[in-house]
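# Overview (structure and organization)
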Amino acid sequence: MIALRHRRMATLPGLSPGWLAAGLGTVLVSALVALAAGPVDLGVGAIARELLSHVPFLDVKSPLSETEDAILWQIRMPRVALGLLVGAMLASAGAAYQGVFRNPLADPYLLGAAAGAGLGATLVIAYSHGEAASRDLRPLAAFAGAMLGVGAAYLLGRSVAGRTTATLILAGVTVASFLTAVQTFVQQQNTDTVQEVYAWILGQLETSGWREVALALPYMVVSWGVLLLHRRLLDVLAVGDEEASSVGIDVSRVRLIVLAAATLGTAAAVAFSGLIAFVGIIVPHAVRLVVGTSYRIVLPLSLCFGAAFLVLADVLARTIVAPAELPIGVVTAFFGAPFFALVLRTTRMVGS
Amino acid sequence: MTPLAVEGLRVELDSAVVVDGLGLEVGEGEWLGIIGPNGAGKTTFLRAVAGLVAYAGSIRLLGDEVDGLGRRDVARRVAMVPQSPVIPPEMTVLEYVVIGRTPHLGYTGAPAARDVDACRAALARLDVAQLADRRLGSLSGGERQRAVLARAMAQDARLILLDEPTTALDVGAQQQVLELVADLRESRALTVMSAMHDLTVAGQYPDRLLLIDGGREAVSGSPAEVLTEELIARHYGASVRVVSDGDTIAVVPLRPRVGAEERIEP
């Protein structure tokens, strides 16, 4: 008993079971709320019983009719699942970018990832004139564009003499401006598809069955695996490149691996959901305010709360102007921009 | 095995030669002080020894060339306390000190209970065990410097490099930190190399001094041999009086335009 207590005293305060449970619980509750929200009233209780009826060895009968069952499993569930994945991905990638750059305002949209993805998707939409078949090509093009954007920003940042963290961020902004200019040019050249491009840019969580979820999931799982394995190293990076090197870390390698993983996941998210801004800033910051700055805690909790946040934002997007839908990017920006301003006012910028 | 042996060391930064042909050996348990005017190359020399800058020539840590060792191996042999460490204000002292265990953990490994114990022990040796859960941003200058030293201790390296360890500390905190380093050197059989600004302090703590100027060795020897009015005037362009009282040396700056004799005579 004494040995046990001593052991607990000796370990670092990490992710406590309580917080993990709170994170997972929030995900579950927000998912149930989102599943229940919609024009057809299924009821949270009925949804819960339907879900439980699929648990083996549990004798629960589903109260849903066949149509309701289809609405739940083929329409709402995939959309909620995509929302959970995208939200978790954007938030955890945001936390990772912030750690890598030691900059509280860094997010997945830095480094040209989103602008590149936007250009890729716009090219496909514009030159296929919105044909249905091109929808399959869109994620791939967005993905290639995101990688291109980050690659260009990285090379540009490296080529500048006396490079610092700020250099890389400025390089990202430069690349993003250029790619956005090209994207706007392509968009204006092809006026017949402007509306479709706009809809994609503002962000949406449209799903056709489980396709999108199945396509996005593998990239995100790889990304999360890598990011979670590096969460302690992100804490070490907090003391700056020079000191992190002096305790034995190959800083540029760690940075490159984390950046690649976060960008891979971001690209997958952007490809299937369009540009949804601010999730990567709001969520990790809110988590830090409550549990402190260690990435060993911030990263997994950002993942959970990011998932819940985006799914709830989607509920608002679906219901505020029902039967029409707001682009979810509008909802996240509505909450995110004021929050961003608050963060800007209260953080001391960490040195570059 | 000699903790540190340097031969013909040359370091260029942005194509300017900053360290030019330095050579020295530091013996087991020795404290070597490095002095010299601003821009003499003191910090660059320490960074080269810690494997943080590319160099020509040879730097051997316990017999092995720094260039040939992996980052982790270097970090197990030498710990560096930089002049102005990055202090993440929200991080707790214990979290910060645990960073020092990094060279002893696997790439993705988490610190085990014994690593955390080692960190608490390092804090206890520096008399700041009670600060473990405090945030770095809430510490005084002296407490912060002890946290940084504890992180270096947690690294369990035999050679410790201190770059101006007492800048920005008041005279009391300065003395306490240096006494702690002296104690640790005794009790942990550490080898210490420190760049020092304050020549009086440099005269009292290290066993041996190396005066460098323009990246080259100017003089090396015992504090009494190096800290002379003539050498300090030549290399620092300073007018000082060296007061010696048996083993204790004090270097007192004097205003150059007033005759030194007149001021000292009662």
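Positions within a chain are numbered from 1, following the residues in the order the chain's sequence is written. By the order in which they are written, chains take letters starting at A while ligands take numbers starting at 1. Confidence filtering applies because this is a predicted model: local features only for residues at pLDDT of at least 70, side-chain atom pairs given and counted only at 80 or more, and all residues used for totals across whole chains, interfaces and linings.

## Considering the overall build of chain B
We apply this condition: Strands here are runs of E lasting at least two residues and helices are runs of H or I lasting at least four, both read from the DSSP assignment and numbered beginning at the N terminus. Within these notes, the globule rule equals 2.2 Å times the number of residues to the 0.38 power, and the radius of gyration is based on C-alpha atoms. Whether a residue is buried, exposed or partly exposed follows from its count of other C-beta atoms within 10 Å of its own C-beta, namely 20 or more, 12 or fewer, or something in between, respectively; the C-beta atoms are built from the backbone. By the convention adopted here, residues make contact when the C-beta atoms placed from their backbones lie within 7 Å.
Secondary structure assignment for chain B yields 10 helices and 12 strands. Computed over the C-alpha atoms, the radius of gyration of chain B is 19 Å, within 12% of the 18 Å expected from 2.2 N^0.38 for a compact globule of 266 residues. When each of the 266 residues of chain B is scored for burial, the buried share is 44%. The contacts in chain B between residues at least 6 apart in sequence include a share of 62% that link residues at least 24 apart.

## Remarks on the overall build of chain A
Helix and strand counts for chain A stand at 15 helices and 0 strands. For chain A, the C-alpha radius of gyration of 21 Å lies close to 20 Å, the compact-globule estimate for 352 residues. Expressed along its principal axes, the backbone C-alpha trace of chain A runs to roughly 70 × 65 × 35 Å. By residue count, 51% of the 352 residues in chain A fall in the buried class. Considering only contacts within chain A whose residues lie at least 6 apart along the sequence, 77% involve residues at least 24 apart.

## Regarding the interface of chain B and chain A
Tallying the contact residues gives 27 residues for chain B and 23 residues for chain A. Put simply, the parts of the chain that give the side of chain B that touches chain A at least two residues each are α2 (71–77), α3 (93–98) and α4 (113–125) of chain B. Considering each element in turn, the side of chain B that touches chain A owes the most residues, 4 residues, to α2(B).

## Side note on the sheet that holds strand β5 (residues 64–65) of chain B
Residue and element names in this part refer to chain B. The test is simple: Two strands are said to pair when DSSP picks up at least two bridges between them.
Pairing is antiparallel in the open sheet, where 4 strands are placed in the order β2-β1-β4-β5. Looking at strand neighbours, the two that pair on one side only are β2 (16–26) and β5, the edges of this open sheet. As defined by bridge partners, strand β1 (residues 4–13) adjoins strand β4 (residues 56–61) across 5 bridges and the pair is classed as antiparallel. In the strand pairing of β4, Arg-10 is matched with Ala-56.

## Digging into the environment of A:Phe335
If you trace the backbone, A:Phe335 turns up in helix α15 (residues 328–346). Separated by 22 residues in sequence, A:Phe335 and A:Ala313 have C-alpha atoms that sit 9.3 Å apart.

## Quick look at the confidence of the model for chain B
For residues with low pLDDT, the predicted coordinates do not support detailed interpretation. Rule in force here: On a range of 0 to 100, pLDDT expresses the predictor's confidence in each residue.
Considering every residue of chain B, the mean pLDDT works out to 90; 96% of them sit at 70 or more. Across the interfaces of the predicted complex, the ipTM metric reaches 0.89, alongside a pTM of 0.86.

## A few points about the pairing of strand β3 (residues 31–35) of chain B
Residue and element names in this part refer to chain B. With 4 of 5 residues buried, β3 lies mostly within the body of the structure. Summarising the sheet, β3 and strand β8 (residues 191–195) pair through 4 bridges and their orientation is parallel. For Ile-34, the partnering residue across the bridge sits in β8 and is Ala-195. Examined bridge by bridge, β3 and strand β9 (residues 208–213) share 4 bridges and lie parallel to one another. Across the sheet, Gly-33 pairs through a bridge with Leu-209, a residue of β9.

## Things to note about helix α2 (residues 17–36) of chain A
Residues and elements named next belong to chain A. Condition: Every helix has an expected span of 1.5 Å times one less than the residues it contains. Directions from the helix axis toward the C-beta atoms define the arc.
The first and last C-alpha atoms of α2 sit 28 Å apart over 20 residues, in line with the 28 Å expected at 1.5 Å per residue. The set of residues buried in α2 consists of Gly-23, Val-27, Ser-30, Ala-31, Ala-34 and Leu-35. Seen along its axis, α2 keeps its buried residues to an arc of 140°; they face one direction. Exposed side chains of α2 directed beyond 90 degrees from the buried face belong to Pro-17, Gly-18, Ala-21 and Gly-25. Summarising the contacts, the buried residues of α2 are in contact with α3 (44–52), α4 (66–101) and α14 (295–319). Positioned one or two residues after α2, Gly-38 has a phi angle of 155°, which is positive.

## Brief notes about the sheet that holds β9(B)
Working definition: the strands of a sheet are paired by backbone hydrogen bonds and lie parallel or antiparallel to each other. Residue and element names in this part refer to chain B. Formally: Only the contacting stretch of a helix is used when fitting its axis, a line to C-alpha atoms as for every element, and angles between N-to-C directions run 0 to 180 degrees.
Here we have 6 strands laid out as an open sheet, ordered β6-β7-β8-β3-β9-β10, and mixed in their pairing. The two strands at the open ends of the sheet, each matched to only one other strand, are β6 (78–81) and β10 (216–221). Going from strand to strand, the sheet's axes swing by 20° on average, the running direction of each strand aside.

## Comments concerning the confidence of the model for chain A
For chain A, per-residue confidence averages 84 on the pLDDT scale, and residues scoring 70 or more make up 91% of the total. Below pLDDT 50 for its whole length, residues 1–10 of chain A participates in 4 contacts with residues either more than four positions away or in separate chains.

## Considerations on the pairing of β8(B)
All names here are of chain B. What counts here: When the strands point away from the viewer, a crossover counts as right-handed if the path from the first strand over the helix to the second runs clockwise.
Of all the 5 residues making up β8, 5 are buried; the element is thus mostly covered by neighbouring parts of the structure. Both faces of β8 are covered, namely the face carrying Thr-191, Met-193 and Ala-195 and the face carrying Val-192 and Ser-194. With 5 bridges joining them, strand β7 (residues 159–163) and β8 adopt parallel strand pairing. Bridging from a neighbouring strand, Leu-162 pairs with Ser-194 of β8. Each parallel crossover has a hand, and the one from β7 via helix α6 (residues 171–188) to β8 is right-handed.

## With respect to helix α13 (residues 279–291) of chain A
All names here are of chain A. Compared with the 18 Å implied by 1.5 Å per residue over 13 residues, the 18 Å span of α13 between its first and last C-alpha is a close match. Turning to α13, its buried residues number three or more, namely Val-279, Gly-280, Ile-281, Ile-282, Val-283, Pro-284, His-285, Val-287 and Arg-288. Once α13 finishes, Gly-292 follows within two positions and takes phi at roughly 95°, a positive value.

## Let's talk about unusual backbone geometry
Non-glycine residue A:Phe278 carries a positive phi angle of around 80°. The phi dihedral of B:Asp127 falls on the positive side, at around 60°, and the residue is not glycine. Judged by the 12 C-beta atoms lying within 10 Å of it, B:Asp127 falls in the exposed class.

## Details of the environment of B:Ala152
All names here are of chain B. Structurally, Ala-152 is set in helix α5 (residues 141–154). Expressed as a C-alpha distance, the spacing of Ala-152 and Gly-214, which sit 62 residues apart in the sequence, is 29 Å. For Ala-152, the contacting residues outside a window of four places in its chain are Ala-79, Val-81, Gly-100 and Ile-160.

## Regarding the packing of helix α5 (residues 113–127) of chain A against helix α6 (residues 137–159) of chain A
When two helices pack together, their arrangement is given by the angle between the helix axes and by the axis-to-axis distance. Residue and element names in this part refer to chain A. Quick note on the threshold: Helix crossings fall into two classes, left-handed where the near helix is turned counterclockwise from the far one by less than a right angle and right-handed where it is turned clockwise. Classification convention: Asp, Glu, Lys, Arg as charged; Ala, Val, Leu, Ile, Met, Phe, Trp, Tyr, Cys, Pro as nonpolar; all other residues, Gly among them, as polar.
At their nearest, the axes of α5 and α6 sit 6 Å apart, and the two run at 145° to each other. As for how α5 packs across α6, the hand of that crossing is right-handed. Together, Ala-113, Ala-115, Gly-116, Ala-117, Leu-119, Gly-120, Ala-121, Leu-123, Val-124 and Ile-125 of α5 and Leu-137, Arg-138, Ala-141, Ala-142, Ala-144, Gly-145, Ala-146, Leu-148, Gly-149 and Val-150 of α6 make up the contact between the two elements. Looking at side-chain class alone, the contact of α5 with α6 contains 15 nonpolar, 4 polar and 1 charged residues.

## Details of the nonpolar core
Quick reminder of the rule: Each nonpolar core reported here comprises buried Ala, Val, Leu, Ile, Met, Phe, Trp, Tyr and Cys residues connected via C-beta atoms within 7 Å.
Core analysis: the biggest nonpolar cluster contains 191 residues, and A:Ala268, B:Val97 and B:Leu161 have the highest contact counts within it. The contacts of B:Leu161, once residues within four sequence positions are left out, are B:Leu46, B:Val49, B:Ala50, B:Val78, B:Met80, B:Val81 and B:Met193.

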